[in-house]
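Secondary and tertiary structure notes
Single-letter residue listing:
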Amino acid sequence: MKVLIVEDDNEAATNMQRGLKEAGIEARLAGDGQQGLDAVKAEMPDVIILDRMMPVMDGVTMLQQLRSEGTDVPVLFLSALGELEDRVSGLRAGADDYLVKPYALTELVARVEALARRKDKDAVDTVLRVGDLEMNLISRVVKRQNKTIDLQPREFQLLEFLMRHVGQSVTRTMLLEKVWAYHFDPQTNVIDVHISRLRSKLDKDFDRPMLHTVRGEGYQLKA
C-alpha cells in the first residue's frame, strides 16, 4: 500500500510516516496542497492523508480540485477543527474519513487500512498475484518470476480459478462446473490432462512447486 501524507508540519508528517512504515505501509510526504496535487499526478497513491489547514493551498481546496478532476482516491482528513460543522464540511468536500487532532497513531493507521480495504473491495481485479506468480486478466499474460508462461485458453481459465481460490482444496466437481461448465461428470480424464499440462508449465523450470494434488480432495495452488 502506498500513502501520500499532505501536511505542512514536518515533525507531524515524519511521525506519521514512521508509524505507517512500522505497519508495513510506504508513505511519501508533501508540504502543502499544491505539492500534494503534483505528487498525485506523479504517482497515484492508494490513500491520501490530508491536513486541512496549510499554506499555499489548503486541504479543502486540494480535495475539491482532486474530486473535480475525477480522482476517487480515498482521503482521510486531519484537522484540529473538531466541531460537527467542521467534520461535515470536510466530508462534503469529498473526504472519506475525518480524524481530529490530536489523535493516536494506532487509530490513524487503522483508519488508513480500512480506507484501503474499502477501495480494494470496490475495485475490479485486473491482475491476480499469488507469490511470484502474476496473471493479467486484460492482456491475458501469465508470468512467474517475470518469466512469461504460455497457456492455452482452457489452461488460463483453470489457473485463474485456482488463483482465485489460493490455499483452498478445489474439487474435480468445482472445476467441471466453473471451468468447463459441466454439471455432470463426463467420465473422462480431461481434468487430469489439463492439470498435468498446467503443472508442467507452472512448476517445471522453478525450484518450488505451486500446484499440488490433495489426495482424496482435488487440487490446491499454494504461494
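Residues numbered from 1 in each chain as written. Predicted model: local features only at pLDDT ≥ 70, side-chain atom pairs only at ≥ 80, totals over all residues. Heavy atoms only, no water.

Structural notes on the UniProt feature "domain: Response regulatory" (unreviewed entry) in the protein
UniProt annotation of "domain: Response regulatory" (unreviewed entry) refers to residues 2-116 when read in the numbering used here. In residues 2-116, helix accounts for 47% and strand for 21%; the two terminal C-alpha atoms are 9 Å from one another. (UniProt positions renumbered as here; feature names shortened; annotations may be inferred. Helix = DSSP H or I, 4+ residues; strand = E, 2+ residues; numbered from the N terminus.)

Some remarks on the side chain of Asp-51
If you trace the backbone, Asp-51 turns up in strand S3 (residues 47-51). A polar atom in the side chain of Asp-51 sits 2.9 Å from the side chain of Lys-101. Other than its neighbours up to four places away in sequence, Asp-51 contacts Val-6, Glu-7, Asp-8, Gly-59, Phe-77, Leu-78 and Lys-101. (Polar contact = N/O pair within 3.5 Å; in protein donor to acceptor, adjacent residues only side chain to side chain. Contact = heavy atoms within 4.5 Å.)

Digging into the side chain of Ser-79
Among the secondary structure elements, Ser-79 is positioned in strand S4 (residues 75-79). Of note is the side chain of Ser-79, whose polar atom sits 3.4 Å from the side chain of Tyr-98. Contacts of Ser-79, omitting those with residues within four sequence positions, involve Arg-52, Tyr-98, Leu-99, Val-100 and Lys-101.

Notes on the sheet that holds strand S5 (residues 97-100)
The five strands are arranged S2-S1-S3-S4-S5 in an open sheet whose pairing can be described as parallel. Two strands in the sheet have a free side with no partner beyond their single neighbour: strand S2 (26-30) and S5. With strand direction ignored, the average angle separating the axes of adjacent strands in the sheet is 20 degrees. Pairing geometry for S4 and S5, over four bridges, is parallel. In the sheet register, Ser-79 faces S5, and the bridge partner there is Val-100. (Pairing = 2+ DSSP bridges. Axes fitted to C-alpha atoms, helices over the stretch in contact; angles between N-to-C directions.)

Observations regarding the packing of helix H2 (residues 33-42) against helix H3 (residues 59-68)
Axis angle and axis distance: for two packed helices, these are the angle between their axes and the distance between the axes, and together they describe the pair. Between H2 and H3, the shortest axis-to-axis distance is 9 Å and the interhelical angle comes to 30 degrees. Relative to H3, the element H2 is oriented roughly parallel. As H2 runs across H3, the sense of the crossing is right-handed. For the pair H2 and H3, contact is made by Gly-33, Gly-36, Leu-37 and Val-40 and by Met-62, Gln-65 and Leu-66, respectively. Per-class residue counts for the contact of H2 with H3 are four nonpolar, three polar and no charged. (Parallel < 35°, antiparallel > 145°, perpendicular 65-115°, else oblique. Left-handed = near helix turned anticlockwise from the far one by under 90°. Nonpolar A, V, L, I, M, F, W, Y, C, P; charged D, E, K, R; others polar.)

Here we look at the environment of Leu-133
Mapped onto the elements, Leu-133 comes out in strand S7 (residues 133-136). Sequence spacing of Leu-133 and Met-163 is 30 residues, and the spatial spacing of their C-alpha atoms is 9.1 Å.

A few points about the packing of aromatic side chains
This structure, assessed with the given rule, holds one aromatic pair. Sitting over the face of the ring of Phe-206, Arg-144 holds its NZ or CZ atom 4.5 Å from the ring centroid. (Phe/Tyr/Trp six-rings, centres within 6.5 Å; stacked < 30°, edge-to-face > 60°. Lys NZ or Arg CZ within 6 Å of the ring centre and 35° of its normal.)

With respect to the sheet that holds strand S8 (residues 141-144)
With antiparallel pairing, the four strands of this open sheet are ordered in space as S6-S7-S8-S9. Sheet topology places strand S6 (127-130) and strand S9 (147-149) at the edges, where each strand pairs with a single neighbour. Ignoring which end each strand starts from, the neighbouring axes of this sheet average 25 degrees apart. With four bridges joining them, S6 and S7 adopt antiparallel strand pairing.

Some details on the nonpolar core
Grouped together as the largest cluster of nonpolar side chains are 28 residues, with contacts concentrated most on Leu-133, Leu-159, Leu-175 and Leu-221. Those elements that place two or more of their residues in this core are S6, S7, helix H6 (153-164), helix H7 (172-178), helix H8 (190-203) and strand S11 (218-221). Dropping the residues within four chain positions of it, Leu-159 is found in contact with Leu-133, Met-135, Val-142, Leu-151, Leu-198, Leu-202 and Leu-221. Of all hydrophobic cores here, the second largest spans 20 residues; its members include Leu-4, Met-57, Leu-63 and Leu-66. (Core = buried A, V, L, I, M, F, W, Y, C linked by side-chain atoms within 4.5 Å. Buried < 20%, exposed > 50% of the residue type's maximum accessible area, 1.4 Å probe, protein only.)

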